[in-house]
Amino acid sequence: MKTRFAPAPTGRLHVGNIRTALHNYLLSHRDGGAFLLRIDDTDAERSKEEYVEAIRADLEWLGIAPDEEARQSQRFGRYDELFEQLRAAGRIYACYETPEELEVRRKVLLGRGLPPVYERKDADAPVPEGRSPHWRFRLDHDTPIAWDDLVRGQQKFDPALISDPVIRRADGSWLYMLPSVIDDMDLGITHVVRGEDHVTNSAIQLQMFDALGAQRPYLAHEALLVAAEGKLSKRLGSVGVDEMKARGLEPMALLALLARIGTSQPVEPLASLEALSASFDFAHFGRAPAHFNMAEVEALNAKLLHATPYEAVADRLPGGIGKAEWEALHGNIAHLGEVADWLPVLQGEIDAPDIAAEDADYLHQAATIAAQLEWDDGVWAALTGALKQATGRKGKPLFLPLRLALTGQASGPEMAALLPLIGKDRALARLRRA
Ligand code: GLU
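This write-up is about the structure you can find in this document.

Conventions used here
Residues numbered from 1 in each chain as written. Predicted model: local features only at pLDDT ≥ 70, side-chain atom pairs only at ≥ 80, totals over all residues. Heavy atoms only, no water. Helix = DSSP H or I, 4+ residues; strand = E, 2+ residues; numbered from the N terminus. Rg over C-alpha atoms; globule rule 2.2 N^0.38 Å. Buried < 20%, exposed > 50% of the residue type's maximum accessible area, 1.4 Å probe, protein only. Contact = heavy atoms within 4.5 Å. Areas by Shrake-Rupley, 256 points an atom, 1.4 Å probe, with all protein chains shown as cover. Lys, Arg positive; Asp, Glu negative; His and termini not counted. Charge placed at Lys NZ, Arg CZ, Asp CG, Glu CD. Axes fitted to C-alpha atoms, helices over the stretch in contact; angles between N-to-C directions. Parallel < 35°, antiparallel > 145°, perpendicular 65-115°, else oblique. Left-handed = near helix turned anticlockwise from the far one by under 90°. Nonpolar A, V, L, I, M, F, W, Y, C, P; charged D, E, K, R; others polar. Pairing = 2+ DSSP bridges. Phe/Tyr/Trp six-rings, centres within 6.5 Å; stacked < 30°, edge-to-face > 60°. Lys NZ or Arg CZ within 6 Å of the ring centre and 35° of its normal.

The next point concerns the overall build of the protein chain. Regarding its fold elements, the protein chain presents 20 helices and 12 strands. A compact globule built from 434 residues would reach a C-alpha radius of gyration of about 22 Å, whereas the protein chain, at 31 Å, exceeds it by more than 25%. Each principal axis of the C-alpha atoms in the protein chain carries an extent, and together these give about 105 × 45 × 40 Å. Counting the 434 residues in the protein chain, one finds 47% classified as buried. Taking the contacts inside the protein chain whose residues are at least 6 apart along the sequence as the reference set, 74% of them involve residues at least 24 apart. Summed over its atoms, the accessible surface of the protein chain is roughly 20600 Å², and 51% of this surface lies on carbon and sulfur atoms. In the protein chain, the 49 positive side-chain charges and the 64 negative ones have mean positions that sit 4 Å from each other.

In the contact formed by helix α16 (residues 360-371) and helix α20 (residues 424-432), the axes pass within 8 Å of each other and the chain directions differ by 155°. Taken together, the axes of α16 and α20 lie roughly antiparallel to each other. Handedness of the α16/α20 crossing: left-handed. Of α20, the residues touching α16 (which contributes Leu363, His364, Ala366, Ala367, Ala370 and Ala371) are Lys424, Leu428, Leu431 and Arg432. Each residue belonging to the contact of α16 with α20 can be placed in one class, and the counts come to seven nonpolar, one polar and two charged.

Judged by which residues are buried, strand β5 (residues 134-137) turns out to be covered on both faces: His134 and Arg136 on one side and Trp135 and Phe137 on the other are all buried. Note: strand β4 (residues 92-95) against β5, four bridges, orientation antiparallel. From the neighbouring strand, Ala94 faces β5, where its bridge partner is Trp135. As paired strands, β5 and strand β8 (residues 166-168) are joined by two bridges and run antiparallel to one another. Counterpart to Arg136 in the pairing with β8 is Val166.

Here the structure, examined in full by the defined rule, presents 10 aromatic pairs. Where Phe83 meets Trp174, the ring centres are 5.8 Å apart and the plane angle is 85°; that geometry is what we call edge-to-face. A residue pair is termed long-range when its members are at least 10 positions apart, and Phe83 in helix α3 (residues 76-88) and Trp174 in the loop between β8 and α5 (177-186) qualify at 91 residues. The pair Phe83 / Trp174 is uniform in exposure class, with both members buried. Across from the ring centre of Tyr118, 3.6 Å away, lies the NZ or CZ of Arg136, which sits over that ring. Directly above the aromatic system of Tyr93 lies the positively charged group of Arg138, at a separation of 4.6 Å from the ring centroid.

Any link to function would need more than the numbers given here.
Right under this line is the structure:
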């Protein structure tokens, strides 16, 4: 088993291609196979080194580590070799039409109610003067194309209804089609997993595998990712690692969602790629578009943090947040960065909150009682128990003024866990100044 993710370095990764990368990774890792990153940089003009680096960095941040990397721009010699071989076998031929001429032919065919399929010229048709050729792959019209797609099931194409694809431009540069097949063959790719926008390409590429005498890979074409929210739909193509970082989200929140949306399996806060990999199976994939929703990533992020043990995040926590602090806080945060917001509450100073006039005496009473208490894990229960008895308050009027005075906020983590960490001196000062 060997899979590959083959981005063109013409832009940053977005959630759509991150999902493709993830599925290729999960599939190969489930079966102990390898995952290859292939940089599709045949287009010298649009490919940028900064994007190659950004793709590597984004995958690293996500934890999707390639076992191998290949680069199309380093393999041109190999493409030339097989180009000559296929040309000698009559499977590649020269063409001379200009884009304008092709467009005219297309319109004529459509006007006659015919499919706008490229019309081959006779081999001995005169070569227009002063034009250098571009090159097409000759589809075998006599052999229907069929495969059992791992997501879409049985697929059938009539090659006579597909135009022979241009594979190489007049300047010698390569289009995507043939190099991809040569790479998949040479690099031992067993499974090609990509979006359903590539289905027709696959039909053509299967004939290329056959023409090269190569073993066909298994093919899986996934339904595309679409935005579930109106606002997001315009910019889904730009939502990627930078946005995750800006929102302070964990990589696994995105990956746990992208592993499961569009499948019949539930979206769960699974904390590792191993866990996602173990349950990865095309049998669960649907044919309808998968709906991506940032709110779901946010929700998964909170669930993941609530389940994260201290040891797993210790090296990412700010100074002052130890095991006890993490355990007090993590059930109540939506983003890891919020932990730092609690440092002043636990270990520093907070602004004096607005306390209602009717609570001032109550809080002074609380200070007097608190001063007598042993400051251990039971201090919150002891304080509120004593205050309940002394004042007859219960519920919100009992708890809320205390929370407000002690933390400066009306809501947050369990006071029972916070109060021992706030410490006696700090707590008494906050109650007294109320
Ligand atoms: N570079 C191609 C793309 O990004 C790769 C497609 C593929 O073969 O997976 O569309």
